[in-house]
Amino acid sequence: ELSDDPDDTSLPMDHPSQAQSGEKPLRPAVIALASSTGGPRALHELLTALPADFPLPILSVQHIIKGSIDDFAEVLADKCRIRVKLAEHGEPLIGATAYIAPDDWHLEVARPRASYTIALSATASVDGFRPSASVLFASVARRFGAGALAVVLTGMGTDGISGLVEVRRAGGFILTQDESSSANYGMPGAVAEAGLSDLGLPLADIAAYLMGLV
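Notes on the structure follow. Because the structure is a prediction, the values reported are computed rather than measured. (Residues numbered from 1 in each chain as written. Predicted model: local features only at pLDDT ≥ 70, side-chain atom pairs only at ≥ 80, totals over all residues. Heavy atoms only, no water.)

Quick notes on the environment of Val135
Mapped onto the elements of the fold, Val135 is located in helix α3 (residues 133-144). Taking the C-alpha atoms as reference points, Val135 and Leu164, separated by 29 residues in sequence, lie 9.5 Å from one another. (Helix = DSSP H or I, 4+ residues; strand = E, 2+ residues; numbered from the N terminus.)

Comments concerning helix α5 (residues 186-193)
Listed in full, the buried residues belonging to α5 are Met187, Pro188, Gly189, Ala190 and Val191. In this fold, the buried residues of α5 make contact with β1 (30-35), β7 (148-152), α4 (161-170) and β8 (173-177). Downstream of α5 by one or two residues, Gly195 has phi in the positive range, about 75°. (Buried < 20%, exposed > 50% of the residue type's maximum accessible area, 1.4 Å probe, protein only. Contact = heavy atoms within 4.5 Å.)

Focus on the sheet that holds strand β3 (residues 83-86)
Reading across the sheet, the seven strands line up as β3-β4-β2-β1-β7-β8-β9 and stay open at both edges, with parallel pairing between neighbours. The open sheet has two edge strands, β3 and β9 (199-201), and neither has a second partner. Each strand axis lies, on average, 20° off the axis of its neighbour in the sheet, ignoring direction. In terms of strand pairing, β1 meets strand β2 (residues 57-62) through five bridges, oriented parallel. What sits directly across from Ile31, in β2, is Ile58. Those strands touched by helix α6 (residues 203-213) are β1, β7, β8 and β9, and its axis lies near 155° from that of β8. (Pairing = 2+ DSSP bridges. Axes fitted to C-alpha atoms, helices over the stretch in contact; angles between N-to-C directions.)

Structural notes on the packing of α3 against α4
Two numbers describe a pair of packed helices, the interaxial angle and the distance between the axes. For the pair α3 and α4, interaxial distance at closest approach is 7 Å and the crossing angle is 15°. Put simply, α3 runs roughly parallel to α4. When you trace α3 past α4, the crossing you get is left-handed. Judged by residue contacts, Ser134, Phe137, Ala138 and Ala141 of α3 engage Ile161, Ser162, Gly163, Leu164, Glu166, Val167 and Ala170 from α4. The residue inventory of the contact of α3 with α4, partitioned by class, reads seven nonpolar, three polar and one charged. (Parallel < 35°, antiparallel > 145°, perpendicular 65-115°, else oblique. Left-handed = near helix turned anticlockwise from the far one by under 90°. Nonpolar A, V, L, I, M, F, W, Y, C, P; charged D, E, K, R; others polar.)

Describing the packing of helix α1 (residues 39-48) against α6
Contact geometry for α1 and α6: axes closest at 9 Å, N-to-C directions at 40°. When the axes of α1 and α6 are compared, the pair comes out oblique. Of the two possible hands of crossing, α1 and α6 adopt the one that is right-handed. The residues of α6 that touch α1, namely those facing Arg41, Ala42, Glu45 and Leu46, are Leu203, Ala204, Ile206, Ala207 and Leu210. Grouping the amino acids of the contact of α1 with α6 by side-chain chemistry returns seven nonpolar, no polar and two charged.

Shown next, in the form of structure tokens:
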């Protein structure tokens, strides 16, 4: 579980203000990912590039054919150096771990005690989605404020926009996959068009960028 030791850097509890839009953010406390069309390949490339000691927790909403997410999480778990698993309600949020939203559950973060935990919710779909990227982004904005780093990868549609508004209000940082490397630029393109993207990067550069923040 998360430590109350102020020297424990596995999940920073004090979140400095993020840099202004377009500048490199200070060290985040959590990474929230959203993806849809083309997302499985993108997530595979991104997560397999992270080292085993990558210190931040990662929360992921991937829109995928119902019934496929379990196998997808297993493939990632086998290929990645960080721990990858389907998110379970109430489990502690720890670094070097990617939590994948299960079918038909919103993925959020709770803080019932001194440490953060996963919260799965069966509340109504948002814009037709459960899990919803907007629900995830709004949750990390509430819990981590300027320590929230949201990443929107390839995908069709606009899921995530309303939650990213909350990330922006909280002072978090928003990173989008660029058009040239996206199988479908719908989701990241909508973020950029809304003026919410702080930085757009090719998929191949995103892992290195994240490692440079920690």
